[in-house]
Amino acid sequence: MTARILALTVALLAPFSRADEPAPPDEQAHFLAGLPVRGTPLEHVSLTYEWTEHASALDAAWRKLESRQLAPIRAWSPQFLGLAATETTPLFYTFSGPDFLYAHAFFPDASTYILCGIEPIGALPDVMSVPTDTLAHSLALLRQSLDSALNFGFFISKDMRAEFEQNQLNGTLPILYIFLARSGCHIDSVEFLRVQKDGTLTPGEGANPGVKITFTTTDHAPQTLYYFSTDLSDGPVEKSGFLRWCDTFGEGSGFLKAASYLMHGGNFDTVRKFLLTHCRTLVEDDSGIPLRFFAPTNWRLRFCGAYPGPIEIFKEHFQPQLAATFHGAHPAPLPFGFGYRWQRAESTLIIAKKKTPAVENALPPEQ
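A brief structural summary.

The rules behind each value
Residues numbered from 1 in each chain as written. Predicted model: local features only at pLDDT ≥ 70, side-chain atom pairs only at ≥ 80, totals over all residues. Heavy atoms only, no water. Buried < 20%, exposed > 50% of the residue type's maximum accessible area, 1.4 Å probe, protein only. Helix = DSSP H or I, 4+ residues; strand = E, 2+ residues; numbered from the N terminus. Pairing = 2+ DSSP bridges. Right-handed = clockwise from strand over helix to strand, strands pointing away. Axes fitted to C-alpha atoms, helices over the stretch in contact; angles between N-to-C directions. Parallel < 35°, antiparallel > 145°, perpendicular 65-115°, else oblique. Contact = heavy atoms within 4.5 Å. Nonpolar A, V, L, I, M, F, W, Y, C, P; charged D, E, K, R; others polar. Polar contact = N/O pair within 3.5 Å; in protein donor to acceptor, adjacent residues only side chain to side chain.

Brief notes about the pairing of strand E2 (residues 112-117)
- Taking burial as the measure, the 6 residues of E2 include 6 buried ones, the bulk of the element.
- Going residue by residue along E2, you find Thr112, Ile114 and Cys116 tucked away on one face and Tyr113, Leu115 and Gly117 tucked away on the opposite face as well.
- Where strand E1 (residues 91-93) lies against E2, 3 bridges are found, and the strand directions are parallel. By the bridge assignment, Leu91 is partnered in E2 with Tyr113.
- In this view, the connection linking E1 to its parallel neighbour E2 by way of helix H5 (residues 100-106) has right-handed handedness.
- Both E2 and strand E6 (residues 223-229) contribute to a ladder of 6 bridges, which runs parallel.

Given below as structure tokens:
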């Protein structure tokens, strides 16, 4: 930063003490997302070169993402998911990290989004608490954390951990803020929670931490986003109470994308069984629940895209049964990328619908 820019930044921030009450979450989200914050205390910080550069970079990235991914997904979902695309039932998105963006694009009307991953939540974002001389670096690290999600459609956990360690705006909350703001959502409230072993929630931070974000969008009743930082492997998840809490929501939809093939082995049986019993509709790539667990008597499956098999680092999880099924199913092409095979011509998408009269009657016709 040049001395002139630094002096201007300090002058602009001078009327605002670091002890001032932080700006509301929605204003913080707009600032972090590179969206206008006129008429708020953060407007002065948005006049700096650092924020203008941040906003310009995110605007360019979002234009590409909107045309390549989000708009095609919004057009595709009602056609292929039927009523599930507009249902208000909860959405269970395990192994998600902070990927609210795709959950909302596929299921915009869900009353409740339940996301979870191993990534930490972090502190409540407060832009004014970031020293002026490190703000540019913090914003650049945020964009770096978003890079794989915006370009390839999924997060890389080990890269995110390294970036979180370097950034004062760390954890999943700043990313959730950005995705909410860029999705046209207004954040009404943010609350830290923890889940007890009996499945009840209590306020505050501690073991099995979570965050509850209430938000609204145009023409929608208030919706809720939960993110829990939790281990979903069998032993820890059975002790944590997380799935007992999820059980209180009853049935809903499920979403699995870039899930590291964890449910292909024997250490994630509990969460796999939860999803199979609590989801009436489940959208996934091949890294989610293996094909062998969808009993034909209980599930109707539809296949989209292609199945070239897993990427190299997951090659041991190739499913011969899925390859044969794709070959004979004549799947509809996908107009967007999905999962680790992020090129649309190589992406695998499976729609699983539980065979109940209500669901069968709501299914769209085969294309």
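A short note on the packing of helix H2 (residues 25-32) against helix H8 (residues 173-182)
- Axis separation between H2 and H8 bottoms out at 8 Å; the angle between their running directions is 85°. When the axes of H2 and H8 are compared, the pair comes out roughly perpendicular. Along the contact surface, H2 presents Pro25, Gln28, Ala29, His30 and Leu32, while H8 presents Pro174, Tyr177, Ile178 and Ala181.
- For the contact of H2 with H8, the class distribution of residues is 7 nonpolar, 2 polar and no charged.

Concerning the sheet that holds E6
- Reading across from one edge, E4-E3-E5-E6-E2-E1-E7-E8-E10-E9 is the order of the 10 strands in this open sheet, with mixed pairing throughout. The open sheet has two edge strands with one neighbour each: strand E4 (201-203) and strand E9 (299-305). Looking at each pair of strands side by side, their axes are set apart by 20° on average, direction ignored.
- Where H8 meets the sheet, its contacts fall on strand E3 (186-195), strand E5 (209-216) and E6, and the angle it forms with E5 comes to roughly 15°.

Brief notes about the environment of Phe215
- Within the secondary structure, Phe215 is located in strand E5.
- For Phe215, a relative accessible area of 0% gives the class buried.
- It is 8.3 Å that separates the C-alpha atoms of Phe215 and Leu180, two residues lying 35 residues apart in sequence.
- Setting aside its immediate chain neighbours within four residues, Phe215 contacts Phe100, Tyr113, Leu180, Cys185, His186, Ile187, Asp188, Pro222, Gln223, Thr224 and Leu225.

Overview of the side chain of Thr348
- Residue position: Thr348 is located in strand E10 (residues 348-354).
- Looking at Thr348, the relative accessible area reads 3%, which means it is buried.
- Among the polar contacts made by the side chain of Thr348, one reaches the main-chain carbonyl oxygen of Ala306 at a distance of 2.5 Å.

With respect to unusual backbone geometry
- Positive phi values are uncommon outside glycine, yet Phe95 reaches one of about 60°.
- For Phe95, the position within the fold is in the loop between E1 and H5.
- A positive phi angle, close to 65°, is found at Asp219, a residue other than glycine.
- Among the structural elements, Asp219 can be located in the loop between E5 and E6.
- Look at Asp219 and you get exposed, because its relative accessible area is 79%.

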